[in-house]
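# Coordinate analysis (summary)
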Amino acid sequence: MTRRILITSAIPYVAGVKHLGNLVGSMLPADIFARFCRSRGYDTLAICATDEHGAPVELAALEEGTPVAQYAAKWHAVQKELGDKFGLAWDNFGRSSSPQNHELTLHFARALWKNGWLELRTTKQAYSVTDGRFLPDRYVIGTCPHCGYDRARGDQCENCTRVLDPIDLIKPRSAVSGAQDIEIRDSTHLFLKQSQFADKLRVWIDGHKKDWPQLVTSIAYKWLDEGLQDRGITRDLEWGIPVPDDIADGKLKGKVFYVWFDAPIEYIASTKEWADKNKKGDAWKDWWFGDKAKSVTYWEFMGKDNVPFHTVGFPVTIMASGEPWKLVDRLKGFNWLNYDGGKFSTSGKRGIFMDTALELVPADYWRYYLIANAPESSDSNFTWEHFAGVINKDLADVLGNFVNRVTKFCVARFDGQMPGEGEYGEDEKALIAELDRRIAQYAAYMEDAEFRKALGEMRAIWVAGNEYMTRAAPWTHIKTDRAKAAVGVRMGLNLVHQFAHLLWPVMPDFARTIHECIQPVGYRGGVIPFPDAPMAQALDELSPGQPIKAPDALIAKISDEQVAEWKARFGGVSSGA
């Protein structure tokens, strides 16, 4: 039976352009993993969306003087276009404001209310006299009572990841106006009884200790060990999914569901959007609901700040529904990508964002660099010197140079045709054995979404090819032993072909370019399949006489002058890698 893999990325907030830290923390690894699964022939569905509700979008639209629905639609289109340019090949890139998400959010809320897992509570809530409104949690800023961070938001401290309420903050102030005339007033809301699911969650998380990264389980256990709190799931906002009158007897008029309640439900809703768009009827349910979904392995990709909501909040919603919805199987969390020793800053225009990144170098350069240095086991640090060094060494010197010299030599000395003379000898057999080992290891790392280790094997494969070519030296043997030169060129061209197959999930455009030096890409949907054949077969499968072409310049090196210019432009301050 074909393996079925469901993949979701944490959905990016709709406001503004995302920076490269956002990209590498969820969307890019999810896409690379999805492409890898497609290359293995798995039945793969990759889902993302924009997260469009909540206070920030409402207030950003207010600041811009744009109706909030229009504001969200505009930025959804921008993020969709940038994702396309970065090669993010989602089966659906949906919207949490969609009718499908409204419908499913209400379905879950009604099920939780019917099952007794929601209750009304009157809470103390921050009200800004200056702003004349209740302030959404994240629009109250103050000092975290746990770690002392002085810009903690009222919903969560990004420094220590503790979930907060605005009334917890020391010296609270309005993020809208900066006013400190914050009053605490009564407001009635729906609460999800998360505390009663603590034991069930712990058993579930215990069952994933071996297949979730320690980063993920440590955050989940921290929440449980500190005592799971019930969570308010409604807010005093106008923009969002309104609470219906059949919940709480109409006592919550004018309130909407909290963005962190409806946003994860959008994973399911975006799948329904995919089915509706493609006239697939109830096919979305086969991925999420009932017996058919039991054969699915569900992967989630996200930054560490999102882990609590995906190991507690969303699972409790599913468990409390009492219905057979799919829970996540594999959860891949990432640490932070920092920028030149500090944090990316949208407001301070510090760091690289998805739109400006594409003005500098092609998307595939970023895809390779970011995933090869993904912040998996710890935070990682971007510097322009390191970026230039990796591109120049790995992509230009090792990979690009190999492709160029092999193809150009074939064009120059073998009339642009695959040579067929000579037989593979001991040197070729040794390379074949090494690649069999390394490709198996690369595949194993990719199956587990261990990206840095996988890319380490990829580099080692390219290096092995270069070392072989140096020993084979067809440019020397062509003068005295054409058959021996032909063996080296034939192996080299077969290597280029296999490099394209291995590289497609990471650098899809580049992989296509080098594949087309050998032969057209004729695979279904543009997928370049993973090389499953033994290397003795794969590295001898190209036909003698088939046309070979040399590519134009493949990888442009990054100069010291460019590094200096980009550092100045993007607020970099470091002088070393």
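Everything discussed here concerns the structure shown above.
This report concerns the structure included in the present document.

The rules we used
- Residues numbered from 1 in each chain as written.
- Predicted model: local features only at pLDDT ≥ 70, side-chain atom pairs only at ≥ 80, totals over all residues.
- Heavy atoms only, no water.
- Helix = DSSP H or I, 4+ residues; strand = E, 2+ residues; numbered from the N terminus.
- Rg over C-alpha atoms; globule rule 2.2 N^0.38 Å.
- Buried < 20%, exposed > 50% of the residue type's maximum accessible area, 1.4 Å probe, protein only.
- Areas by Shrake-Rupley, 256 points an atom, 1.4 Å probe, with all protein chains shown as cover.
- Lys, Arg positive; Asp, Glu negative; His and termini not counted.
- Charge placed at Lys NZ, Arg CZ, Asp CG, Glu CD.
- Phe/Tyr/Trp six-rings, centres within 6.5 Å; stacked < 30°, edge-to-face > 60°.
- Lys NZ or Arg CZ within 6 Å of the ring centre and 35° of its normal.

### Overview of the overall build of the chain
Summing up its helical and strand segments, the chain has 19 helices and 16 strands in all. Relative to the globule expectation of 25 Å for 577 residues, the C-alpha radius of gyration of the chain, 27 Å, shows essentially globular dimensions. If one aligns the C-alpha atoms of the chain with their principal axes, the spans along those axes are about 90 × 55 × 40 Å. The burial tally for the chain puts 59% of its 577 residues in the buried class. If you sum the accessible surface of the chain, you get close to 23,300 Å²; carbon and sulfur atoms cover 48% of it. Positive and negative charge centroids in the chain, built from 69 and 76 side chains respectively, lie 1 Å apart.

### A word on the packing of aromatic side chains
A full pass over the atoms with the stated rule returns 34 aromatic pairs. Here the aromatic rings of Trp-204 and Trp-212 are separated by 5.3 Å at their centres, their planes lie at 85°, and the arrangement is edge-to-face. As far as burial versus exposure is concerned, Trp-204 and Trp-212 are alike and both buried. With 3.9 Å between their ring centres and 10° between their planes, Trp-260 and Phe-309 make a pair best called stacked. One end of the pair, Trp-260, is in helix α7 (residues 259-277); the other, Phe-309, is in helix α9 (residues 307-321), and 49 residues separate them in sequence. Its relative accessible area of 23% is what places Trp-260 among the partly exposed residues. The exposure class assigned to Phe-309 is buried, which follows from its relative accessible area of 8%. Cluster of aromatic residues (ring-pair linked, three or more members): Tyr-339, Phe-344, Trp-366, Tyr-369, Phe-382, Trp-384, Phe-387, Trp-566 and Phe-570. Sitting above the plane of the Trp-504 ring, Arg-35 keeps its charged end 5.0 Å from the centroid. The cationic tip of Arg-185 hangs over the ring face of Tyr-127; the distance from NZ or CZ to the ring centre is 3.7 Å.

### With respect to the environment of Ala-73
Looking at the secondary structure, you find Ala-73 in helix α3 (residues 68-85). Ala-73 sits in the partly exposed class, given a relative accessible area of 31%. Considering only alpha carbons, one finds Ala-73 and Ser-97, 24 residues apart in sequence, at a separation of 9.4 Å.

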